[in-house]
Structures are given as C-alpha cells and as structure tokens.
Amino acid sequence: KAFGDKKDNFFSPSIIKKYDNEYYMADYLTGDLMLYDKDYNLKRIFFFFFKLNDLNKIGNELWLSIGDRSYIKIINLSDNKVSEFGQVGMRRAEFSNPGEIEKDEKYIYITDELNNRIQIFDKQKTWVKELILPKTKISKSSFGLN
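Residues numbered from 1 in each chain as written. Predicted model: local features only at pLDDT ≥ 70, side-chain atom pairs only at ≥ 80, totals over all residues. Heavy atoms only, no water.

Asker: What's the story with the overall build of the chain in this structure? I'm lost.
Answerer: Regarding its fold elements, the chain presents zero helices and twelve strands. Moving toward the C terminus, one meets the helices and strands of the chain in the order β-β-β-β-β-β-β-β-β-β-β-β. Counting over 146 residues, the chain shows a buried share of 45%. Put simply, the chain shows about 8600 Å² of open surface, and 51% of that area lies on carbon and sulfur atoms. (Helix = DSSP H or I, 4+ residues; strand = E, 2+ residues; numbered from the N terminus. Buried < 20%, exposed > 50% of the residue type's maximum accessible area, 1.4 Å probe, protein only. Areas by Shrake-Rupley, 256 points an atom, 1.4 Å probe, with all protein chains shown as cover.)

In structure tokens, the structure reads:
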C-alpha cells in the first residue's frame, strides 16, 4: 500500500520489524508506527514518532530510538504507559542521534551514532558501559548492531 490514501497506507515506509507474529511498520514522513497482526490486519496506530531511527520489542515494552530528540521512548504494551530516558549529550545515558536498538538475554545495546559509541543498559534501564567506536566520515548508519 502506498501514498497515504487510507489510514493504514504509507508515504515513506522506513522500519519493518516482526515480533511474536505481529508486524511493526513505521512511516518516516508521517511519524506513524502501525501494528499489524499475522494476516496484515491493522491492529493499532501509534502516532507522532518523527525521526524514528529504530525500534525493538523488549519483553512487553516497545523501545523506540527518537533521533531528533536524542532519547529513547518506551511504551508498555500492557497498560499503554509511556516513559522515556536520555537527552542530548555525551554522558552516560545521553545521546546524539540514538540509532539501532538490539538485545540479548542480559543487555540492551543502543548505538549513539554521533557520539561514535554503543551504550549498554541492563533490563532495568540502568547504564552498564559503553563501547567507543572509531570515528568515521561515512554516513550515520555506518555502525550496525547485527
């Protein structure tokens, strides 16, 4: 679907992720994040996430990296409560254009693109450490976590 002629159509699809037989699809231009079931039926629309760089479902939370605001927004999918952490900066749990979000059994990894590092958090959102990356003149997506 394309060109936004219906509520679940896209102008500029930018992220597609599958978790638990559901699909999360983001539209870069409208800032909408849409949730579809396994048969591609629209279940929910999350509005106004402009400059959404990445998302990851961690437990029952949806973690979103918001580039232009340099923070991480977290939506609890059970009760719809929204929280956030981070701000613009170079210190612990501060970001300059947070990018990809990945996880393993113990940690959550978030690229901090313009600070040339990966910040590592535990599942309770506590900062653990950072990995400094070499500086590069290549585009912002130079460092992927996969």
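Next comes the rest of the write-up.
Asker: So what exactly am I meant to see when it comes to the sheet that holds strand β5 (residues 52–58) here?
Answerer: Sheet strands associate in pairs through backbone hydrogen bonding, adopting either a parallel or an antiparallel arrangement. With antiparallel pairing, four strands are arranged side by side in an open sheet as β5-β6-β7-β8. The two strands at the open ends of the sheet, each matched to only one other strand, are β5 and β8 (82–85). In this sheet, adjacent strand axes meet at a mean angle of 20 degrees when their direction is disregarded. (Pairing = 2+ DSSP bridges. Axes fitted to C-alpha atoms, helices over the stretch in contact; angles between N-to-C directions.)

Asker: Help me understand the packing of aromatic side chains in this model?
Answerer: For any pair of aromatic rings, geometry is given as the distance between the ring centres together with the angle between the planes. All told, the structure shown has seven aromatic pairs when counted by the stated rule. Ring centres of F95 and F121 lie 6.3 Å apart, and the angle between their planes is 35 degrees; this geometry places the pair in the tilted category. Separated by 26 residues along the polypeptide, F95 in the loop between β8 and β9 (98–103) and F121 in strand β11 (residues 117–122) bring together distant segments of the chain. No difference in accessibility class separates F95 from F121, as the two residues are buried. Seen in terms of ring centroids, Y107 and Y109 are 6.5 Å apart; in terms of plane orientation they differ by 70 degrees. Their pairing is edge-to-face. Linked through ring pairs, W63, F85, F95 and F121 together constitute an aromatic cluster. (Phe/Tyr/Trp six-rings, centres within 6.5 Å; stacked < 30°, edge-to-face > 60°.)

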